[in-house]
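Secondary and tertiary structure notes
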Amino acid sequence: MAQPADAVLPHDLSPWGMFMAADIVVKTVMVGLLCASVLTCTIWLVKVFEIAVARLRLRRALGAMAAARNLSDAQAALEPFRGAGPSLVRAAADEMTISADAVEHAGGVGLKERVTSRLSRLEAQAGRQLSRGTGLLATIGSTAPFVGLFGTVWGIMNAFVGIAETQTTNLAVVAPGIAEALLATALGLFAAIPAVVLYNAFARSVTGYRHMLADASAAVERLVSRDLDRRAAALVQTHRATE
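Residues numbered from 1 in each chain as written. Predicted model: local features only at pLDDT ≥ 70, side-chain atom pairs only at ≥ 80, totals over all residues. Heavy atoms only, no water.

If you look the protein chain up in an unreviewed UniProt entry, it shows as Biopolymer transport protein ExbB from Pseudaminobacter soli. Quoted verbatim from the Sequence similarities (unreviewed entry) field of the UniProt record, the comment on the protein chain reads "Belongs to the exbB/tolQ family." If you open the UniProt record of the protein chain and go to Subunit (unreviewed entry), you find "The accessory proteins ExbB and ExbD seem to form a complex with TonB." (UniProt positions renumbered as here; feature names shortened; annotations may be inferred.)

Structure below.
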C-alpha cells in the first residue's frame, strides 16, 4: 500500500532548516565551527593591519638608518616614531652610554657583543609579537575537519537509529538525516581551509618581517662600529697631540 504523501516529503533542507532539525550534539559542533570561522576572520583582519603597519614602520626605520652617518643621527631621526626599528637604535645607544667608560680601557669588542645580544633579543621579541594569533589559525586548520567529521559520524548514527525505529528505507525519510550530518563536515572544511591558507600567508609575512629585522640589526651594528672607529681614531689623535 502506498505511503501517505506527507510521510515521504522531506522537511526543510535549507542549511538553516537542517541545523534546526539536527541533534543537539551536531548543533553544538556546527556552532563551534561557525565560531571558529568568525575567529579566523577576526584574526585575518587584525593581523593584516598589524603586519602592514609593522612593515611600514620598519621600512621607514631602515631608510633613516641608511641615511644616518652615526648612531646619534639615526636616533634623532627615529625619535618621533614607534616600532621595532627605533627600539633597536635606542637599545644600542643605551648600551653605548652604559659602556662608555669601559670602552676607553677595554676596547669595543665587548661592546659590540653586548649590542648584538640586545638586538637579537629585541628581534626575537618583535617576531613573537607579530606571530601572536597565528597559532590559533594552525589549531583551527588542523582540528576543524575532525570536529566536523565527529558531527557527521554522530548524525549518521542517529540517522541509522531512525531507520531502525521507523523500519523504512525510503530515501525521502533517510536523506534529510544524512544531509544534516554531512553539513557538519562541510562546516568543518569551511572553517579549516581559510585558516590553513591564512596561516601559511601570515607565516611567510612574518618570515619576511624577521629578515627585515635582521637587516635593521645589521644597520645598527654598522653604525655602532662606525662610532667606535671614530672614537678610536679621536683617541689616537689625542695621544699624538699630547706627545
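Now that the structure has been shown, we can carry on.
Between its first and last C-alpha atoms helix 8 (residues 134–166) spans 48 Å; for 33 residues at 1.5 Å apiece the expected length is 48 Å, and the two agree. At Thr 143, helix 8 shows its largest bend, some 40°, and a proline, Pro 145, comes one to four positions later. Listing the buried residues of helix 8 in full gives Thr 134, Leu 137, Ile 140, Gly 141, Ala 144, Gly 148, Gly 151, Thr 152, Gly 155, Ala 159 and Ile 163. At the exit of helix 8 stands Gln 167, carrying a positive phi of roughly 55°. (Helix = DSSP H or I, 4+ residues; strand = E, 2+ residues; numbered from the N terminus. Expected span 1.5 Å × (residues − 1). Bend = angle between axes of the 7 residues up to and from the residue. Buried < 20%, exposed > 50% of the residue type's maximum accessible area, 1.4 Å probe, protein only.)

Moving on, we come to the pattern of salt bridges. This model, assessed by the stated rule, comprises 3 salt bridges. With a closest N to O distance of 3.1 Å, Glu 95 and Arg 114 form a salt bridge. A residue pair is termed long-range when its members are at least 10 positions apart, and Glu 95 in helix 5 (residues 84–98) and Arg 114 in helix 7 (residues 109–131) qualify at 19 residues. A cluster of three or more residues bridged by salt bridges with shared partners is formed by Glu 95, Arg 114 and Arg 118. (Salt bridge = Lys/Arg side-chain N within 4 Å of Asp/Glu carboxyl O.)

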